[in-house]
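Geometric and topological summary
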Amino acid sequence: MSPLAIGTRRHRTRRALSLLGAAVLLLAALAGGFRARLMRFRALAESGPAWSFPARVYSDAVRFTPGAVMPLRDLEAQLAARGYEPADAPLARPGTYDERGPFVEVWARGFAPIPGARPLQTPRHLQLTIAGGRLVRIEPLDGGAAIALGADTPAPGLEPVLIGRIYDKDRVRRTWVPLARVPKVVRDAIVAAEDRRFRGHMGLDLRSNLRALMANLRAGGVREGASTITQQLARGLFLGPQRTVSRKLSEMAYALGLELFLSKDEILEMYLNSVYWGRADGLGIAGIAEASRFYFDRPVDSLGVAEAALLAGLIPAPNGSSPFRNPRMARVRRDAALRERLGAGVIDAATAARVRATPLPDHPGGAEPERFPSYLGAVREALLADRSRPREAIETHGLVVL
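Right, let's walk through the structure included here. Per chain, residue numbering runs from 1 following the sequence as it is written. Where totals are concerned, whole chains, interfaces and linings use all residues; where local detail is concerned, this predicted model gives features only for residues with pLDDT of at least 70, and gives and counts side-chain atom pairs only at 80 or more. Only hydrogens and water are set aside when side-chain values are computed; all heavy atoms of the structure are taken into account.

1. Things to note about the sheet that holds strand β13 (residues 400-401)
In sheet architecture, strand pairing relies on hydrogen bonds along the backbone and comes in two forms, parallel and antiparallel. Note on pairing: two strands pair once DSSP finds at least 2 bridges between them. The helix count covers DSSP runs of H or I at least four residues long, the strand count covers runs of E at least two residues long, and both are numbered beginning at the N terminus. With mixed pairing, the 3 strands of this open sheet are ordered in space as β9-β1-β13. Of all strands in the sheet, those with a lone pairing partner are β9 (162-166) and β13, marking the two edges. Across 4 bridges, the pairing between strand β1 (residues 55-58) and β9 is antiparallel. Residue pairing for β9: Ala-55 is matched across the bridge by Ile-166. Set on the sheet, helix α12 (residues 373-385) makes contact with β1, β9 and β13; between it and β9 the angle comes to about 50 degrees. Pairs of residues are marked as contacts when any of their non-hydrogen atoms sit within 4.5 Å. With axes taken as lines fitted to C-alpha atoms, and helix axes fitted only over the stretch in contact, angles between N-to-C directions fall between 0 and 180 degrees.

What follows is the structure, given as structure tokens:
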């Protein structure tokens, strides 16, 4: 081989390696930017088409301080405002109380309004002694430290009350809840109904995706979805509801990126907090926590098999199959979700039969009232005057005002 040919070959090799290096650097930069944006989503520091969290405005907490003025009637009113339920002692769970003369046994709830942050208040099981309109004694019943004046740690008490929310123009109720608070029965039901092979694929169910893609290309538009849970999350974070072939391809690419940087549990956690579950009284209901409150008037932690099946069945068409508007269709959708779970081996036939005999909810859970609209307006103006955060953060980043 001539020296000229050898030189030309070396030049081409160096050029190919340079182009490859540039491509690798470009891909690394794009991947780094994608990951950074994804982490902002998880930190609720960015909003997307189906990823916005209204600001929540809370009252102050009620602290149990020995010697404080606390007439029994006032304590009863504070318990009622927070939805505490009377129960027989010894109490079995947070959110309950028992009154016996001057003694009030209370199991106060914890309070952690910001995802991943240290709780501002931990649950405490206490006995209060009230005499002469004052709190004269506090005894821990949970093995915790005794309560004393001058203690360095904050006094225990009743958690703040949600006064209201500051919404964006879409007015969607959504409250972040960690995956650990979602019962396994609910997670299993939704995975069985929406994406049975969720734990085994890398964001794409290739068999279903290719079949849907070919059908859509033949039709000249999107006719079939076949989206995995990861694809649905990608759509909610980045793309919106438009139905085009190009958007479907972008959705698939984003799904692969999500699988690259997040664990399956992180993807499922974000999905459950993003899902749209209907609209009522001018407000959208989104995320598993608000769906639980709206359909069953209970916290997500307490959902069981029947509730899980209904929520899983509602996802494809929550307004058209709402149990409050169309109970027949709601029952059809719930039973379809039960069949999916039965087919996936998550439940047995006896459990499915029992759930099918369970009545549907017949009225929505109450949303928190707009107690003090003027105060909420003042809070909004004060937040807008603070230039340290983007304007849209006030309505979409899940700010907590205490």
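Now that the structure has been shown, the text picks up again.
2. Description of the sheet that holds strand β7 (residues 134-140)
Pairing is mixed across the open sheet formed by 5 strands, whose spatial order is β3-β4-β5-β6-β7. Only two strands of the sheet have a single neighbouring strand rather than two, namely β3 (85-86) and β7. Across 6 bridges, strand β5 (residues 103-108) lies against strand β6 (residues 124-131) in antiparallel orientation. The partner of Val-104 across the bridge, within β6, is Leu-128.

3. A short note on the environment of Phe-53
On the secondary structure map, Phe-53 appears in the loop between α1 (3-42) and β1. We call a residue buried when its accessible area falls under 20% of the maximum for its residue type, exposed when it is over 50%, and partly exposed in between, using a 1.4 Å probe and counting protein chains only. Classification of Phe-53 by relative accessible area gives buried; the value is 2%. Placed 115 residues apart in sequence, Phe-53 and Asp-168 show a C-alpha to C-alpha distance of 8.9 Å.

4. Concerning unusual backbone geometry
In this structure, Pro-90 follows Ala-89 across a cis peptide bond, with omega equal to 0 degrees. By the secondary structure assignment, Pro-90 is in the loop between β3 and β4 (96-100). For Leu-44, which is not glycine, the phi dihedral falls at a positive 60 degrees. Turning to its location among the elements, Leu-44 is positioned in the loop between α1 and β1. Classification of Leu-44 as buried rests on a relative accessible area of 7%. A positive phi angle, near 55 degrees, is found at Asp-281, a position not held by glycine. Relative to the helices and strands, Asp-281 resides in the loop between β11 (276-280) and β12 (283-286).

5. A closer look at the pairing of β1
On β1, burial covers both faces: Ala-55 and Val-57 on one face and Arg-56 and Tyr-58 on the other are all buried. Bridge analysis of β1 against β13 gives 2 bridges, and the strand direction is parallel. Its bridge partner lying in β13, Arg-56 is registered against Val-400.

6. Structural notes on helix α7 (residues 264-274)
For α7, the tally of buried residues reaches 9 of 11 residues, placing the bulk of the element in the interior. Turning to α7, its buried residues number three or more, namely Lys-264, Ile-267, Leu-268, Glu-269, Met-270, Tyr-271, Leu-272, Asn-273 and Ser-274.

7. Notes on the pairing of β11
Here 3 bridges tie β11 to β12, and the two strands are oriented antiparallel to one another. Residue Arg-279 lies in a different strand from β12, and its bridge partner there is Gly-284. In textbook terms, the turn of a hairpin is the stretch between consecutive antiparallel strands, and for β11 and β12 this stretch comprises 2 residues, one of which, Asp-281, has a positive phi near 55 degrees.

8. A few points about the nonpolar core
In this description, a nonpolar core means a group of buried Ala, Val, Leu, Ile, Met, Phe, Trp, Tyr and Cys residues linked to one another through side-chain atoms lying within 4.5 Å. Counting residues in each nonpolar core, the largest one holds 50 residues, and the members touching the most others are Ile-190, Leu-237, Leu-258, Trp-277 and Ile-288. Elements with a minimum of two residues in this core: α1, α3 (184-194), α5 (229-239), α7, β11, α8 (288-296), α9 (305-314) and α10 (327-343). In this structure, Ile-288 is in contact with Val-177, Val-182, Val-186, Ile-190, Leu-272, Trp-277, Val-300 and Leu-311, ignoring residues within four places of it in sequence. Grouped together as the second largest cluster of nonpolar side chains are 16 residues, Tyr-97, Val-106, Ala-108 and Ile-130 included.

9. What to know about α5
When you tally the buried positions in α5, you get 10 out of 11 residues, the bulk of the element. Ile-229, Thr-230, Gln-231, Gln-232, Leu-233, Ala-234, Gly-236, Leu-237, Phe-238 and Leu-239 are the residues of α5 that are buried. Trailing α5 by a residue or two, Gly-240 shows a phi angle of about 90 degrees, which is positive.

10. Quick word on the pattern of salt bridges
Salt bridge, as applied in this entry: a Lys or Arg side-chain nitrogen positioned within 4 Å of an Asp or Glu carboxyl oxygen. Applying the stated criterion across every chain, the model contains 25 salt bridges. Where Glu-340 meets Arg-196, a salt bridge forms, and the shortest distance between an N and an O atom there is 2.9 Å. Of this pair, Glu-340 sits in helix α10 while Arg-196 sits in the loop between α3 and α4 (206-219), and the two are 144 residues apart along the sequence. On the accessibility criterion, Arg-196 (47% relative accessible area) is partly exposed. Note that Asp-386 and Arg-389 form a salt bridge whose closest N and O atoms lie 3.1 Å from each other. Given the relative accessible area of 29%, Arg-389 is considered partly exposed. Residues participating in the shared-partner salt-bridge network are Arg-235, Arg-247, Lys-248 and Glu-251.

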